Structures are given as C-alpha cells and as structure tokens.
Amino acid sequence: MSEEFYRMKRLPPYVIAEVNAMRAAARAAGEDIIDLGMGNPDLPPPDHVIAKLCEVAQKPSAHGYSQSMGIPGLRKAQANYYGRRFGVDLDPESEVVVTMGSKEGLASLATAITAPGDVVLAPNPSYPIHMFGFIIAGATIRSVPTTPDEHYWKSLERAMAFTVPRPSILVVGYPSNPTAETVDLAFYERLVAWAKENKVWVLSDLAYSELYYDGNPTPSILQVPGAKDVAVEFTSLSKTYSMAGWRIGFAVGNKQLIAALKRVKSYLDYGAFTPIQAAACAALNGPQDIVQKNRELYHKRRDVMVEAFGRAGWDIPAPKASMFAWAPLPPALKEMGSLEFSKQLLTHAKVAVAPGVGYGEDGEGYVRIAMVENEQRLRQAARNIKQYLKSMGVNTPAKGAA
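Structure report, in brief. (Residues numbered from 1 in each chain as written. Predicted model: local features only at pLDDT ≥ 70, side-chain atom pairs only at ≥ 80, totals over all residues. Heavy atoms only, no water.)

The next point concerns the overall build of the chain. Scanning the chain from N- to C-terminus turns up 13 helices and twelve strands. In summary, the chain has a C-alpha radius of gyration of 21 Å against a globular reference of 21 Å for 402 residues, a match within 12%. Summarising its shape, the C-alpha atoms of the chain cover approximately 60 × 55 × 55 Å along the three principal directions. Considering the chain as a whole, with its 402 residues, one finds that 55% of them fall into the buried category. The contacts of the chain with a sequence gap of at least 6 include a subset with a gap of at least 24, amounting to 75%. Entry remark: accessible area of the chain is about 17400 Å², with carbon and sulfur atoms responsible for 54%. Distance between charge centres in the chain, computed from 43 positive and 40 negative side chains, equals 2 Å. (Helix = DSSP H or I, 4+ residues; strand = E, 2+ residues; numbered from the N terminus. Rg over C-alpha atoms; globule rule 2.2 N^0.38 Å. Buried < 20%, exposed > 50% of the residue type's maximum accessible area, 1.4 Å probe, protein only. Contact = heavy atoms within 4.5 Å. Areas by Shrake-Rupley, 256 points an atom, 1.4 Å probe, with all protein chains shown as cover. Lys, Arg positive; Asp, Glu negative; His and termini not counted. Charge placed at Lys NZ, Arg CZ, Asp CG, Glu CD.)

Below, the structure is given as structure tokens:
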C-alpha cells in the first residue's frame, strides 16, 4: 500500500508551498511578515454585495442545492457584462456557465475535453492550473513562451510541426499571471486565425480583465469575429470585486466546450451556494464604482512599489496590468536562484514573495510580487529589502532612503 497514486506521481513538488510554510511558521512565531506572496486581495467587497448575501441567506428556500451551471440570473448578468465591456453577445443558456472561480473552471474543462496522451500547449511561466489541470487529466504539456512576440508564434508553429500527436488545445492568459504581460486585439485576431487553421481549441484566462493601468483596457479574445468557433474564456469576480474567497467565476464562449464543461460539472458539484450567486448578480448588475476604485488603488500601489524598491536598489519593471509585478532578481544575486532568494527575503527582510520557478522552469530568475499590502507597508518592505541588500554587499543607489 506504499505505492504512490498515479496522478500524485505526475505532480511535482509545489515549490511555492515551501515559502508559504516558512511564512506561516514565521507568523506563528510572532514575526511581522509583509506578505507580497499570494494574490489575495486585502480589500472588502462592496457593501451592497454583502447586504445581498445576507438578505438572500435569510430566506429558508435559499439553502437547498443550487444549479451546477449557475442560477439563470447570474448567467444573464455575466452575458450583460460581456455586452457592456466588450460588445460581445452571449447566450446565457448555451454560452455561459458559472464556475467555482476560474481555477476550478479550467480544471473541470481539462477533465471534460482531455484524453490521456493528448498534447496541450501551455505558457511557461504561467499560473500552475494552466499546466497541471491538464496533467492531472492525463495530458502531456508542451511549453510555449508567455511573451507574445514573434518568438511566440514560431514556437506555436514548431509545436504543430514536430509534436506527435498534434496539439489540440492552447491555453493563453493575458494579463498574465505571473508576468503581467498584456496583448492587444490584433494578437487575438492572429491567434483565432491560427487556431482555426490548425484545428486547436483556445482556452483564454482573463481573470485580471479589469486591473489595467495607463488607460489601456484589456481586450477579450471573444471580440474577434468568429472567435466563439474555437475559444472559451474564463473570468472571475475575485480581483474585480475583491471576492476571492467567494469562489465565483465564469466560462463563456464556444457552445461545444461550454456543454462539455456543464456536463462534467453536473457530476462533480451542485454549484455555489445560492446566496453567494445572488450576491454575485448584485456585483455585476449594481454600481460599478468599486471597479474603478480598485484599479486606481492598485495603480497607485504599483507606482509606490516601483519607486520605493528602485531606491532600495532593486529595479522592478512597472506592470501594465494585473495585481502583480514580475521582478528579475537583483543582478548581483541572480546565481542564488528564485527559491533561495525568496527564502532569504522572508528570513532576513521579513518580506514574502513568490519564487518564479514555481510558475515553470522559465520563471527562474524572477519572483512574483503581489500588490496586496497598503502603500505604507510597501514602503516598509522596501526599507527592509534595502537593509538586506546592503548586508549582501549589493550596492544601492545613493538617492536617499526608501
């Protein structure tokens, strides 16, 4: 009975869990850790959303099983969101399904459409479920770059030419987690054309659709005419409305993929708690000022972090979107590797970040920094990091204290 289970053998150690365990131990010992590791929003949902949750939860009829595909009002609210935001028409009955966050949706769709031995193209580095949802389902992963340049397209062509069996699914995620890279509509136009030519399904993860900066709204792949022939897209209320723990997301698009997802989910769950779904309707249908407010707040945090960390001696590119910065290790410490650097930051600077190698081997040399602490805490993190860098003999610019 000591033999490890088949799917467990296919999963590597979860590298990020090492840093998480260290962080938990430090906090249990009473240390003040500035946690920039997990993308866990520190802001509350809107008051009217919480009020709707409480109101519906008071109803005796609200506590039975719900619908695994989502209540009709919520599917309609998501279709209306796509119409408002992207100008995309969706049929709430056949082109929208509610998921337990985008993560569960991706994993359930992988279960629905993947056969053992199928080849899936997934970005590297990327959010782990983009790869491991399919690995758990029995597929083989062929990595493609995350950066959407000409090298990306050459990698797709090589994958189709030299992989046996030919890849049948491509996962994309922009704004990217972890790299925060973005794409324009022209990228999606080219991608849809490529997918149709090569008979490949496209799964787009748009979880950070509303966290964009500098006045450049993120597009949806479904804005491309004909995209619904090959694509399905996942979104989430987690970051947009600070509802991460509520676990409400959506898959929308291609009817065949949505039908497969609905069918698998009908075996796996009964849907989210009905009062939560009703509150999600209130979020999508109600006042949208929190969306702009959150965007402005993260934008400000981004600017504070880039400026303060830069003065501390660590230059970080300003992300164009998402709640993350993808930061190259300080050049003098690059040989340390992202996991050891993350451990050292936690131990010596009391700052938690996520090691880039946890998002794929091509993430080595980077760490992901989540902007989930307030500006004062970000400046404190910079001061702590400055002292750590000095202790390591890393020269810091003489531009004043962080």
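To continue, consider the sheet that holds strand β5 (residues 169-173). If you walk across this open sheet you meet the seven strands as β2-β8-β7-β6-β5-β3-β4, and the pairing is mixed. Only two strands of the sheet have a single neighbouring strand rather than two, namely β2 (96-99) and β4 (140-144). The average angle at which neighbouring strand axes cross in this sheet is 20 degrees, direction not considered. Across the sheet, helix α4 (residues 72-86) lies against β2, β7 (231-236) and β8 (249-253), angled at about 115 degrees from β2, the strand it touches most. Each of β3 (119-123), β4, β5 and β6 (201-205) is contacted by helix α6 (residues 129-136), which is oriented at about 160 degrees to β3, the strand it contacts most. (Pairing = 2+ DSSP bridges. Axes fitted to C-alpha atoms, helices over the stretch in contact; angles between N-to-C directions.)

Looking now at the packing of helix α5 (residues 101-113) against α6. Running from amino to carboxyl end, α5 crosses α6 at an angle of 35 degrees, the nearest separation of the two axes being 8 Å. Considering how the two elements wind past one another, α5 and α6 form a crossing that is right-handed. Listed contacts from α6 to K103, L106, A107 and A110 of α5 are I129, H130, G133 and F134. When its residues are assigned to classes, the contact of α5 with α6 shows five nonpolar, two polar and one charged. (Left-handed = near helix turned anticlockwise from the far one by under 90°. Nonpolar A, V, L, I, M, F, W, Y, C, P; charged D, E, K, R; others polar.)

Right, let's get into the packing of aromatic side chains. Scanning the model with the defined rule gives 15 aromatic pairs in all. Where Y152 meets F187, the ring centres are 5.6 Å apart and the plane angle is 50 degrees; that geometry is what we call tilted. Of this pair, Y152 sits in helix α7 (residues 150-162) while F187 sits in helix α8 (residues 185-198), and the two are 35 residues apart along the sequence. The class of Y152 is buried, set by a relative accessible area of 1%. On the basis of an interplanar angle of 85 degrees and a centroid distance of 6.3 Å, the ring pair of W326 and Y359 is categorised as edge-to-face. Here the residue W326 occupies a position in strand β9 (residues 324-328), and Y359 occupies one in the loop between β11 (354-355) and β12 (366-370), the gap between them amounting to 33 residues. You can call Y359 buried: its relative accessible area is 3%. Each residue in the set Y152, W153, Y174, F187 and Y188 is aromatic and connected to the rest through ring pairs, giving one cluster. Here the guanidinium or amino end of R368 rests over the ring plane of F324, the centre of that ring lying 3.8 Å away. (Phe/Tyr/Trp six-rings, centres within 6.5 Å; stacked < 30°, edge-to-face > 60°. Lys NZ or Arg CZ within 6 Å of the ring centre and 35° of its normal.)

This part takes up α7. Taking 1.5 Å per residue, 13 residues should reach 18 Å; α7 reaches 18 Å between its end C-alpha atoms and fits that length. Every buried residue of α7 is listed here: Y152, W153, S155, L156, A159 and M160. End-on view of α7: buried residues confined to an arc of 155 degrees, all on one side of the axis. Exposed side of α7, more than 90 degrees from the buried face: K154, A161 and F162 are the residues found there. Those residues of α7 hidden inside the fold are in contact with β3, β4, β5 and α8. The backbone nitrogen of H151 lies 3.2 Å from a side-chain oxygen of the residue at the head of α7, namely D149. (Expected span 1.5 Å × (residues − 1). Arc of directions from axis to C-beta. Polar contact = N/O pair within 3.5 Å; in protein donor to acceptor, adjacent residues only side chain to side chain.)

Before going further, it helps to examine the packing of helix α3 (residues 47-57) against helix α10 (residues 274-285). α10 packs onto α3 with a crossing angle of 145 degrees between their chain directions and a minimal axis gap of 8 Å. Between α3 and α10 lies a crossing whose hand is right-handed. In this structure, α3 contributes H48, V49, K52, L53, V56 and A57 to the contact, and α10 contributes P275, I276, A278, A279, A282 and A283. Looking at the contact of α3 with α10, its residues break down into ten nonpolar, one polar and one charged.

So, on to the nonpolar core. Core analysis: the biggest nonpolar cluster contains 54 residues, and Y152, L170, L191 and W194 have the highest contact counts within it. Among the elements of the structure, α4, β2, α7, β5, α8, β8, α10 and α11 (289-311) are those that each provide at least two residues to this core. The contacts of W194, once residues within four sequence positions are left out, are L121, W153, L156, E157, M160, L170 and V200. Core analysis: the second largest hydrophobic core is formed by 38 residues, V351, V353, I385 and Y388 among them. (Core = buried A, V, L, I, M, F, W, Y, C linked by side-chain atoms within 4.5 Å.)

Mapped onto the elements, L106 comes out in helix α5. Its relative accessible area of 3% is what places L106 among the buried residues. With 78 residues separating them in the primary sequence, L106 and A28 have C-alpha atoms 34 Å apart. Beyond its immediate sequence surroundings of up to four residues, L106 is in contact with I129, H130, L203, D205 and F234.

Turning to the sheet that holds β9, a few remarks are in order. In spatial order, the strands read β9-β12-β11; together these three strands make up an open sheet with antiparallel pairing. If you trace the sheet from one side to the other, it starts and ends with β9 and β11, each paired once.

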